[in-house]
Amino acid sequence: MIKAFYISAWVLVGLAAVALYVSGTFNAAMLVILSLIVVALVYGLALWATLRDTPDKMPKVFEPKDIH
C-alpha cells in the first residue's frame, strides 16, 4: 500500500512539473513548491525505510549507557 502511494506521488509530481512547463506557468514559486514536495518524498522514504527495518517494535534512540 505504501509503495503504491509513493510511486503514484512521484508520478503525480512529475506530471505536474511537465504540465506546468508545457503550459508556461513554471516560474520560480512553482519550482520552490515542487522542490519542497520532492524533498518531502525523499525524506519520507528514508523515514519509512528506517522505521520499517527495525528489529524492535520501537526504534531505540538512546542505549541505557548513553544516558547520563
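Structure: above.
All of these numbers come straight from a predicted model, not from anything done at the bench. (Residues numbered from 1 in each chain as written. Predicted model: local features only at pLDDT ≥ 70, side-chain atom pairs only at ≥ 80, totals over all residues. Heavy atoms only, no water.)

Draft legend 1. The arrangement of the overall build of the protein chain in detail. Looking only at helices and strands, the protein chain features two helices and zero strands. Expressed as a percentage of its 68 residues, the buried residues of the protein chain come to 9%. About 6,000 Å² of surface is accessible on the protein chain, with carbon and sulfur atoms providing 75% of the total. (Helix = DSSP H or I, 4+ residues; strand = E, 2+ residues; numbered from the N terminus. Buried < 20%, exposed > 50% of the residue type's maximum accessible area, 1.4 Å probe, protein only. Areas by Shrake-Rupley, 256 points an atom, 1.4 Å probe, with all protein chains shown as cover.)

Draft legend 2. Structural context of helix H1 (residues 2-23). Counted at 1.5 Å a residue, the expected span for H1 with its 22 residues is 32 Å, and the 31 Å between its end C-alpha atoms agrees. All of the buried residues in H1 are Tyr6, Ala9, Val13 and Leu20. For H1, the angular spread of the buried residues around the axis is 60°, confining them to a single face. Across H1 from its buried face, at more than 90 degrees, point the exposed residues Lys3, Ala4, Leu15 and Val22. (Expected span 1.5 Å × (residues − 1). Arc of directions from axis to C-beta.)

Draft legend 3. How the structure looks around the packing of aromatic side chains. By the definition in use, this model includes one aromatic pair. Between Tyr6 and Trp10, the aromatic rings sit 6.2 Å apart at their centres with planes inclined by 75°, giving edge-to-face as the arrangement. Taken together, the positions of Tyr6 and Trp10, both in helix H1 and four residues apart, correspond to about one turn of that helix. Overall, the relative accessible area of 32% leaves Trp10 in the partly exposed class. (Phe/Tyr/Trp six-rings, centres within 6.5 Å; stacked < 30°, edge-to-face > 60°.)

Draft legend 4. Focus on the nonpolar core. Judged by nonpolar contacts, Tyr6, Ala9, Val13, Leu20, Leu34 and Leu41 together constitute the single largest core of six residues. Elements represented by at least two residues in this core include exactly H1 and helix H2 (28-52). Top contributing element to this core by residue count: H1, with four residues. Not counting residues up to four positions away in its chain, the partners in contact with Val13 are Leu34, Ile37, Val38 and Leu41. (Core = buried A, V, L, I, M, F, W, Y, C linked by side-chain atoms within 4.5 Å. Contact = heavy atoms within 4.5 Å.)

Draft legend 5. Summary view of a nonpolar patch on the surface. Taken together, the side chains of Val18, Tyr21, Val22, Phe26 and Leu31 present a nonpolar region at the surface, about 540 Å² in accessible area. Mapped onto the secondary structure, Tyr21 falls in helix H1. Take Tyr21: its relative accessible area is 64%, and that puts it in the exposed class. (Patch = residues over 30% accessible without salt bridge, like charges linked within 9 Å, V, L, I, M, F, W, Y side chains within 5 Å. Salt bridge = Lys/Arg side-chain N within 4 Å of Asp/Glu carboxyl O.)

Draft legend 6. Broad picture of the packing of H1 against H2. The interhelical angle for the contact between H1 and H2, taken along N-to-C directions, is 165°, at an axis separation of 11 Å. Considered as vectors, H1 and H2 are oriented roughly antiparallel to each other. Crossing of H1 over H2 shows left-handed handedness. Contacts from Ile2, Tyr6, Ala9, Trp10, Val13, Ala17 and Leu20 of H1 reach H2 at Met30, Leu34, Ile37, Val38, Leu41, Val42, Leu45 and Trp48. (Axes fitted to C-alpha atoms, helices over the stretch in contact; angles between N-to-C directions. Parallel < 35°, antiparallel > 145°, perpendicular 65-115°, else oblique. Left-handed = near helix turned anticlockwise from the far one by under 90°.)

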